[in-house]
Every structure is written in C-alpha cells, then in structure tokens.
Amino acid sequence: MTETDAGTAIRGLGHSVRRKEDDRFVRGRGTYVDDVKLPGMLHMAILRTPVAHARITRIDVEAAKAHPGVVAVITGRDLDAHGLAWMPTLSADTQAVLALDKVVFQGQEVAAVVADDPYVAVDALELIDVDYDPLPAVVDPRRALEGDAPLIREDKEGQTGNHIFHWEKGDKEATDRAFAEADKVVSLDTFYPRCHPAPLETCGCVADVDPATGKCTIWLTSQAPHAHRTLFALVAGLPEQNIRIISPDLGGGFGNKVPIYPGYVVATVASLLIGKPVKWIEDRTENLISTGFARDYHMRGEMALSADGKITALRSQVIADHGAFNAAAQPSKFPAGLFHIFTGAYDVPAAHCEVDGVYTNKAPGGIAYRCSFRVTEASYLIERLVQNAAVELGMDPAELRRRNFIQPEQFPYRSAVGWEYDSGDYPKALDLALEKLGYAELRAEQKEKWAKGELMGIGIASFTEVVGAGHGADFDIAGLRMFDSAELRVHPTGKAILKIGVQTQGQGHETTFAQIVAGELGIPPEDVTVMHGDTDNTPYGLGTYASRSTPVGGAATAMVARKLRDKATKLAAHLLEASEEDIEYAEGRFSVRGAPDRAKTIQDIAFAAYTNLPEGMEAGLEGVTYYDPPNMTFPFGTYCVVVDIDKGTGEWKVRKMVAVDDCGVRINPLIVEGQIHGGLAEGYAIAAMQLITFDEEGNCIGQNFTDYLLPTSWETPSFETYETVTPSPHHPIGAKGVGESATVGSPAAYVNAVLDALAPLGITNIDLPVTSDKVWAAMHEKGFV
Amino acid sequence: MLPPRFDYLAPRSLDEALEFLDGHGDDAKVLAGGQSLIPVLKLRFASPAWLVDINRIPGLDEIAEQDGHLRVGALVRHRDAERSPVLRERYPTMAEAAPQVSDPLVRNLGTVCGSLAHADPSGDWGAVMLAMDADLVARSKSGMRTIAARDFFDGPFTTALRPDELLVEARVPARPGTGGAYLKLERKVGDFATAAVAVRVTMSDGRIGEAGIGLTAVGPNNLKATEAEAALAGADPSDEAFREAAELAARAASPSADMRGSAEYKRNVVRVFTERGLRRSVAMAIADGGA
Amino acid sequence: MQVTVNVNGTSQTADVEPRLLLVHLLRERLGLTGTHIGCDTTSCGACTVLLDGVPIKSCTYLAVQADGRSVRTVEGLVEGGKPSPLQAAFKQEHGLQCGFCTPGMLLAAEALLADNPDPTEEQVRWALSGNLCRCTGYMNIVKAVQAAGAAMRSAAGVAEAETAEAPAMAGGAQ
C-alpha cells in the first residue's frame, strides 16, 4: 500500500476504507432533524382528512386556538391570504398546501396547530372541527379515465377529466410491423403496485425565520438542499440569499426526501408569522399516507420473437397512477421517467412504449424507492417478459437471455428508443452468476423434486440501469439543470476540505468522496473533510437520488481534484526548478522525469501554495467544478434466486441468492457491497410483502408498519455478492453508481423464481407482492393443492 | 401519535389494586406489559381516566408447578415463558408458542396474562390456553373465581372478566405423556398470525387419550376446535385420524378475508397446521414415554 | 409526577405527565437524542434502550414506569471514552449506513451478547428481529455482532489467562 512520507496510507479508489461518519453514529451522536433544538422552539402538528374525496363545508378552529399551550392554528384560508394555499410541484402541477374547499386524498393536509409542546399540539388537533361532504372516490385509474368518472382536479383550469399526460417513445410503425411479422408474441399484463420507500427516519423540518435578520434557516430532511432552497425562494417569495437549508444527517432517503411537502411550507410560514422556530416532524402514518410513494404502474408488455428465440420487437402500454396531484420528482422532460430503458440488456431492433398518467384519489408522488426514475418498473417488465417468453418457447431462461443480450463488441450501443449505453458485458455477468449458483445441478435437483411433487424454483434477472442524470440539455428538475458540483481547497498543512452538491442519506459520501480526492491527489482520505448539506457552505448541486452521486458528483470531484493537480504541477516545477513538461505525478508525489529523487509531495506543494509561489501565480490551492455529464451510465448485473415452496401454505423461502453486479470502477468495495445488500433486501420486501392499497372509498390500507410490512432480519435472506468490472468510458474514474441497482434488478429475480417453480402447473403470473395466499390460490385454482 | 391524558396509579399490593378497581374499574385500564395497551393509547383508540400499573406488586411473576398444575402469574412475561425449563420439559405447546409471540423486544415486557385479558382474536396465548384446557383465576375485592378457558373469551377484545377484576394467574393442568406444538403462519416476525393452531395430545396406552386444539386469528376470538378434539379422543394415532381432525378443525374456524388472505386460504392453513401439529405432538408424546 | 431514573449511571429526576413516553423523557428532557423514533405502532425498534439490562421499546413504555429503575441508552455504551468492541465492530464490518436504526441495534445486540457470547447467525437474526433496518439488508449487522462476540471472548480469554497467571507471578521476582 502506498504511503505518504509521513507513513499514512493513501487509500484511494478500490480500498474498503472504514467510514468516518460511523464514529458519530455508533455513539448516537448523529444530528437528525428531530435532534435539532433551538431556543423558544415550538411544535407543529397537522390535521389530515380521514375522507379521500370530499368538499369541506366548514372548519372551526376556535376551540383549538383556545387550548392552553396553543400558539397558532393555521388553515388554508390563512395561507391563501399570502398566496400560499397552493404550491407548484416538481412535475409542473400544483398541490394544495392546506386544503381550501376540497380534499382529494385520505391524509391530505387540512390545518396545522403550533403549540409549545408536541403532546399539546396533538391534543389540540382533536379540537378542530371539520365538516366533510363526501364525494365518490376514484381509486382505480382505469375507472378514473372513464367519461363519467368524478372529476378530481376541479381546481385546474381546463382539466375536464382525470387524464394528466400521454407520453410515448420509439418507432410505433416499425414496432407494429415487427409484431405483425413475428413468429411468436408473448404478452403480459402486470401491475407493479404502489409501495413506499419508508426510510426509518420520517420527513420533517425545523423552520427558523429570524425576525431580527430576516434570515430563514430550515433544517430539512432533504435529498436536494440547493434545489429546495431555490424552490422555497420562488414559492414563498423569500430572498434566496436569506434562505439557508441545512440537511444534516438523514436517516435514509430512498427518494422519499426529494419532494417538497406541505408541512415544510406551513412550518416556514408559521415561523415567519410567529417569529419563533417551528419544528414539524411527521409520524409514520403521515409518512406512509401522504408522502412520495413509489411505482403504481399498470403495465402491459408484449414481446415479438422469431421461432428460434430472437426478440424482434417490444412494446408496452402503461397506465400510471399519480394520485391526486402530479408531484412525481423527476426530470421535467420525462413525465414517465426513464421507462424507455424497458428494452433492458437486450438487442431489440424495434420498440415502442406509451404511458398515460392519471389522477386518482390517492397521495401524490410516484418517483421514489430507488427507482432511478421508473427504471424499476421498466426492468421488472422486461425481465418478467423474458421469463414468460422462455416458458412459452420451451427454452432455458438463461439461454434466451444469452441469445438476445447486447454483445460486448456492440458498445457503445444505441437502443431502438435512443439510449446510448456506455459499456457492458452482460454474458459475463450472467455466466458468473450461474456458475456461482451451481445452475446445472439445481436444474437437475428441480427435476427430481418435481417428480415427487415438490416445488422449487430458480429465478434469473439480468438488468441494466440508466443512471447519473444527467446531461443538462436533456435533464433538469423544475428547470434546474442536473449538473453537480465539487469545491476543493487544500490547506497549508496539506489537509483538505471538499464541499459537494450531492447529499448522502447513508451512502457514505464523507468517506468515498474523500477517497476520490485521495486517488487524484494523493491526500489520504483521513485528511480530507467532506462537507455537504448546508446550502450556505456548499456549491450548488441537484442532490442525491437516482444513483447520480458517483456518476455526477463523483465526476465533479475527480475533475476539480485534477484542476488542483494541474496547479500543483506548476508549483512543483517552480519548487524543483524544472519545466512543467518534465514533472511526473504518481500517488501524491510530483517528481522530475528521469530523476525520481527530485520530488515534492502534495503536502510540500500545499504549503508552498501559501508560502512560496512563482511570480504572478495566485495563492491557494483550490477550485470548483460544475460537471455536466456527457451521458448517463449503465450499471448492470445478473441476479439469481433459488426458492422452495411449501405447498400447504404457499409460503416461499429463499434458499440461495447470488448477485453479480457491475458498477464499473468501485470506489469502496465494502460500501458498494452494503448498497447492494440493502437493495437486494428491498427487492425481497417488494417481491414478498410490501403493498399500499386502497379500498373503494379511498381508505389507505398500509398506513403504518403493522399493515405496510418491512421484513426483519429473520425473513430477509442472505446474499452472495460477486462483481465484474466494466468501466464507464466517459466517466473520469470509470465509475457508474450502484445505489439502486439491486432494488431495480432483484424483484423480478425473486418473482421469476416463484413462477419458475409453478411453471409446470401452467401458472404464468402472480402480481406483486407475491404473498403466500396468492401462491396457494394459484396452485389451488389449478387443482394442485 | 401520542397518548391522551390520564391519571396513573402504581399500587404496591394486590389488595390496593383491587380496592381501586372496585371503585374505578369502568374508567381504568390495567397496565402490565403495556405492549397492547400503550399502542392503543397512542392511537387514541381508548381514553381511560386511570392507568393502574401492577408492575410493583410482588408475587405475581411466578411460573411454578403446584398441586398438579402449572401456575403462570400475572406478571410472567413472554420472555420468562420462553426461558422456562419447566415449560420446555412438560408443556411443549406453551414452550413452542412463547417465542413466536410478537417480536423479542415486545416479549421482554408483554405478559401472558395480559395477552389473555386483552383477548385479541389474533392473540397466541388464548389458543394455547384453550388447547391446554387451562383455568383462569380472577380476583376482585369481593373474592376469587376460576373461569375455564373455554368460557373466558367472548368476542373480539371481550372476556368474562368484570371491570373490577384482575386476572392474576393462568392454571394449566400437568399431564404426563403429552406432546404439543404451536404452528403459526405470519407474514413476518411481529405481524399478527394469518392463522395459527395450538395442539396438545396426551397419549394413553398407545392411543390418543385426549387432545386439545386451539385456533388463532380465524374467528371473533380464539376458538376451541371441540369437534376435532372429540374425534381424536381414544383414537388410533393414524394419518386418517389426523386428516379427519384437521378437516374438523378447519370447519370450526370462521376466518374473515383480509390482506392476509381469503377465508378459504386461512381455513386451509388451519387444516394443514392441525395435521402437522398432531403428527408432531403424537411423535413427541410417544418419545416422551407416553406410549 | 416526579420520576427518578438512573440513566447511563447517573441519577436523573424529572417532573412528568404520566402519559410522557420514556423515549421522550430521554430525548427531550435529558437531551439524549441517540435514541430514535421510527414508527407509531411499536414495530420498528429504533427506540430500543436497556431497562435494567433488558432491551425494550422505549416508545411503548411510560417514563413513570421507569421510576427507580435503570436505563442504558446508546450514549452509555462507550467505555472510558472509547467505543466498545460492539461499536467498533459495527464500524469495521460496515454494519450501518444511515445510522438511524443503529442505536437500537447496538443495544439489542449488547443484550444478546451478554446472554449468549457466541451466537450463530440464526440466533443473531432472531434476537434482532424486533429492530428494523432499511439500509443494510442486515447481513453486515449480523457479521458485526458475531465479530464483536469473538472480540469480546478473545479479550475475556486474555484477561482470564492474565488472572490465572497472576498468582504465580506474584510469588516470583518482580
């Protein structure tokens, strides 16, 4: 291992450096938003409608206002006086902050109480009297599209029905032609139901508008603090230089902390009006019932194949249930996210997809839960179709994949819908997975078991993602281009501070980004402090979600470090009395070509930057880079799952799970593995038990952890993880990002395993979540049990 | 979700507690483990004027055999039952049920008797006590009475206990030559059962002497599968007998369809688990020398 | 009502409403924010503390119930200002990501290891099944607990050996 002259190891890329952030977390000394206490701080609680669709005919807050300890009660009318009863969403829609005369989903915000104690605030909520005049609720998006369905968004001018948008991509004519000529067409209707990222820390804020200075400091559970600051400025009309958003430690995000929620706005207004800090921390029910959900895609997919199993075309129609407001947090030009990655890892000559977004009486959202902007939905669809196609063709599902993979020599590969995949080696990942699984032996075992009437299944999913949003001309959030940033400053004693625009929620940026600097400049990660989350002290960035931190923020970090290395080279030349062209750099040392003993360390150079400069050179060793990625990155892999099914109960248990991931260059293998474990567990949860659903009246089933099920350490399987490394050719350090790969790729692997076990019975689909009762019902219907 | 206001009393003796319940029983809730009560308070599904904390009362935490039965006191936690050697050796149904109640943290505080008094139709201990043909001992200021488990449960969250009564102990008959099992289908640790079956089999001269079968989460309260029990009494422990009893137990269930599954599915689970439970219990009883 | 609770070795007295949950006594009154709240239905275990050495969910326990008893929170795990072997193992094995479930996991694991110093993977998963984690997928948490157990056993082994040697050494020239 390379060391500095002082003996400290320089552990850059590829080292499993232990995390600096752990020192405070294991001591319970993290600072999460609810840990923030400011003098005079008040507590806010929100009253929410129990009815999904209704007119509000009366709100009486007098009793609540009079309750001892209550400082203020705020209604939609109060906000309306300031023009804040409605706010824009990230999808160019509007959302009610506090309802005025109508509620459109169960759990929607109706009023807020500010009190000196959180228990008192909850007591006072019960004293608010609201009259609701119920309207028929619409919970089925197909019903919502019917001509006589109740109109949900009466507030939107020109909105005559519940249809939001129609979006399509691809060549419809070429695709339809290919289908007409196909030897075989495999079709699948599958529903990827609503689920919820449910990070363990709920959303919340402490809003502190200082009446003396006008400074508005908001401690916020935000995955994108700078974007939130700008949006607050635009929405609330507060001068942007007076707004400081501080996203401290976040207890998980998974996309749930990207939207701006009404509670944030109300708390800020409350602080502004009252002149004291106001804390609002939602409880778990509020989190599940009203914040950014995930998925809810009703997908129809069709695959055209030749007789020998070559995919000739792919098409899909999707009904996207967006809830009552279109608040999906996605790049503005992509109302259906990046769903058109649905051709996956396969060389498909013709493809077309269309998505129709629909309003229903449910909470707003749609982009969340490590979906990479709908890549989860797309990946699920294609991998399920491939499984079904294999069954229909009587082909081994691994073989069908091999036959259709984009081959390594085809990269960079332009897909039928216009993506340019940067790099990949899909056959290698598949082969490694099958080898580690013991595929042939398992198939043999499966045959033997089936002969005895026992059920075991092997599921495969070979996914590719598209992440790292993104090139500014194509990718923006509410107009803000999706570059990201890094600011690096090296101090005289050779230590450094790196300030970044992305925002960790557990991904370990304080360690991994320091490793990037170590890799470029030779300063050990321990000597690089990483700062993030405070908009007063970090360069503008678009935040962390959709696996963009490493592809964009990591690239910015590498590039700014290289800027500093360029200046360091000049300084080295000055110190070594050589010409710049003769200076060589390796692992923190700048030496003269041909005379390696004539060298200066980066620490020497850092000191010189403040003490010994050539004429005309500015002091300091620092820089800032705003990185505009030239393309997306395409992490990929193959996951294999082996399950055994209990015929008596329909329960399935994972016997073995092998995951091969390729995220290009791995900055910190231990942390990468941790991200994969987390995603594989989420994939299991989605496949086995996670569901948010609604009854006919729009009552949400899944509003707490007794109904919305998160697996414990007991149910969650163990995982065997392996890697291949296919660097991204366009990324400065060849890295692709990995945060969402496993959540994207694994649900289909689990489901395919169960369906593989049931295939001999003629069962071709069970929608998520694949619960034991559904498995039993499917077997029972076929007369098997 | 935070609890509403209430007044709180922590009596230091049983008499003190019973005296209080005599006057205030209608307005009071007893706090033992609190693992059912406090969540209810936090959701504001109940708003009692008084909480009577019995955790300071000595002598209520014993698990001990006496005069041919096992006494399980009011403050015996699920965890105590899990770790009890006497349960493991002689009360296998109970020993198998204890670790499956809720999750390990809840088990550290929640009590067996508290669970019985709470009478959740999805509660585990009720089915176990029905299978064991246990007696439940209630005390009040005016005295003591013994209620058979089969007479104790009266609908969802409703028991034969009066507001002035405290459930002080469960009494389980000791039966040599007994095997038992508790099979529970749950979607995850901590979820209530989708369906569960408590089985007890006491062998006699190579035949099934008597059997007890209790059901969880498949009716308005825990159920006793009396017809199945009757069919097993004196029966030869054959596959046929197990299947027939399992069928009868399934028919005794009256499950509701919900997110965990259809009524038909839950009945099927009862059938499958009863059969498996009987097979295991008989094998255990025989191995235990109960031939 | 007044309650007196020994928290991490120090006696603390507070005047509380009976309805105040223990987790709020710790977080709000005593400023010990290491214990977290993650749900409303006693489902997640983020609030786990040790009550007289036994792990419980402090969101489902009243502060008044803790009168006269002892509570240990994550802040009480450091030994002589240094992280305990368990805390060190969590860092070494990458048994945490966002850190929100970590205090609860540490305390549940602490209790497990006190009871069973050499747990199998199955036993660890079972003991921690009341504590939810959304980030790690649990694998590295299990590894961390087992590694901590091994480290603690080996340290105890060394300590034991030293104690065993001591009498002989005491008699020797020193």
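For the structure given in this document, a descriptive report is provided here. (Residues numbered from 1 in each chain as written. Chains lettered and ligands numbered in written order. Predicted model: local features only at pLDDT ≥ 70, side-chain atom pairs only at ≥ 80, totals over all residues. Heavy atoms only, no water.)

**Topic: the pattern of salt bridges**
Residue and element names in this part refer to chain B. Enumeration according to the criterion identifies 98 salt bridges over all chains in this entry. Between Arg71 and Glu169 there is a salt bridge; the shortest N-O distance is 2.8 Å. Of the two residues, Arg71 is situated in strand E5 (residues 69-73) and Glu169 in strand E8 (residues 166-173); the sequence distance between them amounts to 98 residues. With a relative accessible area of 6%, Glu169 lands in the buried category. Among the charged side chains, a network of salt bridges with common partners joins Asp133, Arg150, Arg175, Arg200, Glu210, Lys224 and Glu229. (Salt bridge = Lys/Arg side-chain N within 4 Å of Asp/Glu carboxyl O. Helix = DSSP H or I, 4+ residues; strand = E, 2+ residues; numbered from the N terminus. Buried < 20%, exposed > 50% of the residue type's maximum accessible area, 1.4 Å probe, protein only.)

**Considerations on the side chain of Thr464 of chain A**
All names here are of chain A. Here Thr464 is to be found in strand E21 (residues 455-464). Of the polar contacts made by the side chain of Thr464, one reaches the side chain of Tyr426; its length is 3.3 Å. Among the polar contacts listed, one links the side chain of Thr464 to the backbone oxygen of Pro635, at a separation of 3.3 Å. Thr464 has contacts with Ile341, Gly344, Ala345, Val375, Tyr421, Tyr426, Phe634, Pro635 and Phe636, leaving out every residue within four places of it along the chain. (Polar contact = N/O pair within 3.5 Å; in protein donor to acceptor, adjacent residues only side chain to side chain. Contact = heavy atoms within 4.5 Å.)

**Observations regarding the sheet that holds E21 of chain A**
Residues and elements named next belong to chain A. In spatial order, the strands read E21-E31-E32-E35; together these 4 strands make up an open sheet with mixed pairing. The open sheet has two free edges, formed respectively by E21 and strand E35 (720-723), since each of these has just one partner strand. Sheet twist, expressed as the average angle between the axes of neighbouring strands with direction ignored, equals 15 degrees. Of the pairings in the sheet, the one linking strand E31 (residues 636-645) to strand E32 (residues 652-662) comprises 10 bridges and is antiparallel in character. When the sheet's bridge partners are listed, Val641 is paired in E32 with Met657. (Pairing = 2+ DSSP bridges. Axes fitted to C-alpha atoms, helices over the stretch in contact; angles between N-to-C directions.)

**Points about the interface of chain C and chain A**
Where interface size is given, it is often the accessible area lost as the parts come together that is meant. Across the boundary between the two partners, chain C contributes 51 residues, which contact 53 residues of chain A. Of the roughly 4,500 Å² buried at the junction of chain C and chain A (both faces included), carbon and sulfur atoms supply 55%. Between Asp23 of chain A and Lys91 of chain C there is a salt bridge, with its nearest N and O atoms 2.9 Å apart. There are 26 residue pairs in polar contact (both at pLDDT 80 or more) connecting chain C and chain A. Every element with two or more residues in the side of chain C that touches chain A is listed here: helix H1 (22-29), helix H2 (85-92), helix H3 (102-115), helix H4 (121-127) and helix H5 (139-171) of chain C. Taken together, the residues of the side of chain C that touches chain A break down into 22 nonpolar, 18 polar and 11 charged. (Buried area = accessible area lost by both parts, 1.4 Å probe. Nonpolar A, V, L, I, M, F, W, Y, C, P; charged D, E, K, R; others polar.)

**Side note on the interface of chain A and chain B**
Facing 25 residues of chain A, the contacting portion of chain B comprises 19 residues. For the pairing of chain A and chain B, the buried interface totals around 2,000 Å² over both sides, and the portion due to carbon and sulfur atoms is 58%. Summed over the shared surface of chain A and chain B, the result is 4 salt bridges. A salt bridge links Asp123 of chain A to Arg5 of chain B; its shortest N-O distance comes to 4.0 Å. At the boundary of chain A and chain B, one finds 10 residue pairs in polar contact (both at pLDDT 80 or more). Sorting the residues of the side of chain A that touches chain B by element identifies helix H4 (118-125) and helix H19 (772-781) of chain A as the ones contributing at least two each. Here the residues of the side of chain A that touches chain B sort into 10 nonpolar, 8 polar and 7 charged.

**What to know about the sheet that holds strand E14 (residues 278-281) of chain A**
Residues and elements named next belong to chain A. Strand order in the open sheet made by the 7 strands is E3-E7-E1-E14-E11-E12-E13, with mixed pairing throughout. A strand with exactly one partner marks an edge of an open sheet, and here the two such strands are strand E3 (70-75) and strand E13 (243-246). Neighbour-to-neighbour, the strand axes of this sheet turn through a mean angle of 20 degrees, independent of strand direction. Where strand E12 (residues 216-220) meets E13, 4 bridges bridge the pair, whose relative direction is parallel. Each residue of the ladder has a partner; that of Ile218, found in E13, is Ile245. The strands touched by H4 are strand E1 (42-48), E3 and strand E7 (109-115); relative to E1, the strand with the most contacts, the crossing angle is about 25 degrees. Helix H7 (residues 225-236) contacts E12 and E13 of the sheet and is inclined by roughly 145 degrees relative to E13.

**A word on H4 of chain A**
Most of H4 of chain A is tucked away, with 7 of its 8 residues classed as buried. Restricting attention to buried positions, one finds in H4 of chain A the residues Tyr119, Val120, Ala121, Val122, Asp123, Ala124 and Leu125 of chain A. Check the buried side of H4 of chain A and you find it contacts E1, helix H2 (62-66), E3 and E7 of chain A together with H1 of chain C. Regarding H4 of chain A, its N-cap is Asp117 of chain A, as a side-chain oxygen of that residue lies 2.8 Å from the backbone nitrogen of Tyr119 of chain A further along.

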